[in-house]
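Secondary and tertiary structure notes
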Amino acid sequence: KLISSYNEQLITDSLTGAYNRRFLEEHFVPSLSCCHEKGLVVNLAFLDVDRFKSVNDQYGHAAGDTLLRDIACFWKLHFNSRETGAERLVVRLGGDELLIVACGIPQERFEREITGLDAQMRKICYPKDGVGFSFDYSLGTASSAELGGGWAWEALLQLADQRMYRHKAERKKQAE
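Quick caveat, the model's predicted, so the values are computed rather than measured.

This brings us to the environment of Phe135. You can see Phe135 is positioned in the loop between strand 6 (131-134) and strand 7 (137-143). Assessed through its relative accessible area of 10%, Phe135 is described here as buried. Separated by 120 residues in sequence, Phe135 and Leu15 have C-alpha atoms that sit 19 Å apart.

Written out as structure tokens, the structure is:
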């Protein structure tokens, strides 16, 4: 049990309980060759919390931690599965960035599910003592189906990242 506990700690983020970057780079990405061989589509959503520093500055780091835990827990609850050929996982990439990954489902279904859950996720965070604040995040999606048969993880991640930053810029422009 002790070894199992240590192994779990190596691959999960201690704050959010989501998979961590080590798991992503050492276990998940190397396993993508199986997806290539089986012709499975890999879908990715890149999520970045907007104005996270201002949450920490205004409400304290404990509130920021609560917000990250809430977001990660929501996505893990609604979008996490290790079913072979239909894996879905949530990864804390670092800081206030999460990846939501799904293998083996069509791009359209992935985007429909992400959009539906995204609408539910946007709520008010209550870190303590009834104090609440609203929050937002930017989201960019990408699919290996868009990149063709010779796609690489780095290209998929870069495309989702670019779309996330485009979404962030569009919303900032709308707010002005």
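Our focus in this paragraph is the side chain of Asp50. Along the chain, Asp50 falls in the loop between strand 2 (42-49) and helix 3 (52-59). Residue contacts for Asp50: discarding those within four places in its chain leaves Asp136, Tyr137, Ser138, Lys168 and Arg171.

As a further point, take the packing of aromatic side chains. Scanning the entire structure with this criterion turns up 5 aromatic pairs. With a centroid separation of 4.0 Å and 20° between ring planes, the pair formed by Tyr19 and Phe23 is classed as stacked. Here Tyr19 and Phe23 have matching classes, each one buried. The ring of Phe79 is capped by Arg88, whose NZ or CZ atom sits 4.5 Å from the centre of that ring.

What follows covers the side chain of Asp118. Relative to the helices and strands, Asp118 is located in helix 5 (residues 107-121). Asp118 gets classed as buried once you look at its relative accessible area, which sits at 14%. When neighbours within four sequence positions are excluded, Asp118 is seen to be in contact with Trp75, Tyr137 and Leu139.

Here we come to the packing of helix 3 against helix 4 (residues 61-78). At a minimum axis distance of 6 Å, the contact between helix 3 and helix 4 shows a crossing angle of 135°. Classified by the interaxial angle, the pair formed by helix 3 and helix 4 is oblique. Within the contact between the two elements, helix 3 uses Phe52, Val55, Asn56 and Tyr59 and helix 4 uses His61, Ala63, Gly64, Leu67 and Leu68. Here the residues of the contact of helix 3 with helix 4 are counted per class, giving 6 nonpolar, 3 polar and no charged.

Most of strand 3 (residues 88-94) sits inside the fold, with 6 of its 7 residues counted as buried. Hairpin connection of strand 3 to strand 4 (residues 97-103): 2 residues between the antiparallel strands, including Gly95 at a positive phi of 50°.

The rules we used
Residues numbered from 1 in each chain as written. Predicted model: local features only at pLDDT ≥ 70, side-chain atom pairs only at ≥ 80, totals over all residues. Heavy atoms only, no water. Helix = DSSP H or I, 4+ residues; strand = E, 2+ residues; numbered from the N terminus. Buried < 20%, exposed > 50% of the residue type's maximum accessible area, 1.4 Å probe, protein only. Contact = heavy atoms within 4.5 Å. Phe/Tyr/Trp six-rings, centres within 6.5 Å; stacked < 30°, edge-to-face > 60°. Lys NZ or Arg CZ within 6 Å of the ring centre and 35° of its normal. Axes fitted to C-alpha atoms, helices over the stretch in contact; angles between N-to-C directions. Parallel < 35°, antiparallel > 145°, perpendicular 65-115°, else oblique. Nonpolar A, V, L, I, M, F, W, Y, C, P; charged D, E, K, R; others polar. Pairing = 2+ DSSP bridges.

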